[in-house]
Amino acid sequence: MPSPHQYLPQLHQVPMFIILFFAVIIVQSADALNYVNILNVTDITTSSAELSWVTPDDTSGISNYVLMKVVNDDNTRNDTITDVGTTSFTLTDLRYHKIFTYTLVTNGTSGDTLGMASVTFLTLYNPMNRYAIGAVAIASTIFLIWIIFFILGKKCNPHRDNSARLKKIFLEMQQKEKEEKKKKISSHHAPMEDAQF
């Protein structure tokens, strides 16, 4: 029984220009992507980062880009970019020292998804994070309010500084009264003591 392969043309029997023609078509179709396939990240700080990409040579079939923030395999944020010529996007309000994954989806004019690209990065560590700064600010504010009330209290009540002196005078007056009472009592008992002798 004859083999089916014997009816196929052998490679050395096919003219070289036909092989080159199909090779060029295959390479061109592979290079001519109609979506963003590489997403880069630069300028990473404690709270921001810059995403950038290269747009396809032909953007006529692109409707928009959707930038998705992915956390634990869940999409938690969508930013739609309608300018298909845009090549960058600035991320802000990020948490310090945290891993983020973003995916850029290229949508076609017919409503289909043409392709996507993702990138994962770690924001920088911030030793003086906002919680520590907030705690210091609150403590400083409370201390400042206490100082203001203390100063205003002295200005509004000038006799407050004399309270110790007035207390001392009051105690001295009480002591004198006690001494006078003792003298009166001793003067009443003195004739009785003389009579006993």
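Read on for a plain summary of the structure. Just so you know, these numbers come straight off a predicted model, no measurement behind them.

**Brief notes about unusual backbone geometry**
- For Asp43, which is not a glycine, the phi torsion comes out positive at approximately 50°.
- By the element assignment, Asp43 lies in the loop between strand S1 (39-42) and strand S2 (49-53).
- Even without being glycine, His97 reaches a positive phi, approximately 50°.
- When you line up the elements, His97 lands in the loop between strand S5 (88-91) and strand S6 (99-108).
- Judged by its relative accessible area of 46%, His97 falls in the partly exposed class.

**Quick look at the side chain of Thr123**
- Turning to its location among the elements, Thr123 is positioned in the loop between strand S7 (113-122) and helix H2 (130-156).
- Relative accessible area serves as the criterion here: at 1%, Thr123 is assigned to the buried category.
- Among the polar contacts made by the side chain of Thr123, one reaches the main-chain carbonyl oxygen of Arg95 at a distance of 2.7 Å.
- Only 2.9 Å separates the side chain of Thr123 from the backbone nitrogen of His97, close enough to count as a polar contact.
- In contact with Thr123, not counting residues within four places along its chain, are Ile44, Thr45, Thr46, Leu94, Arg95, Tyr96, His97, Lys98 and Phe100.

Here is what the cut-offs are and how they apply
Residues numbered from 1 in each chain as written. Predicted model: local features only at pLDDT ≥ 70, side-chain atom pairs only at ≥ 80, totals over all residues. Heavy atoms only, no water. Helix = DSSP H or I, 4+ residues; strand = E, 2+ residues; numbered from the N terminus. Buried < 20%, exposed > 50% of the residue type's maximum accessible area, 1.4 Å probe, protein only. Polar contact = N/O pair within 3.5 Å; in protein donor to acceptor, adjacent residues only side chain to side chain. Contact = heavy atoms within 4.5 Å.

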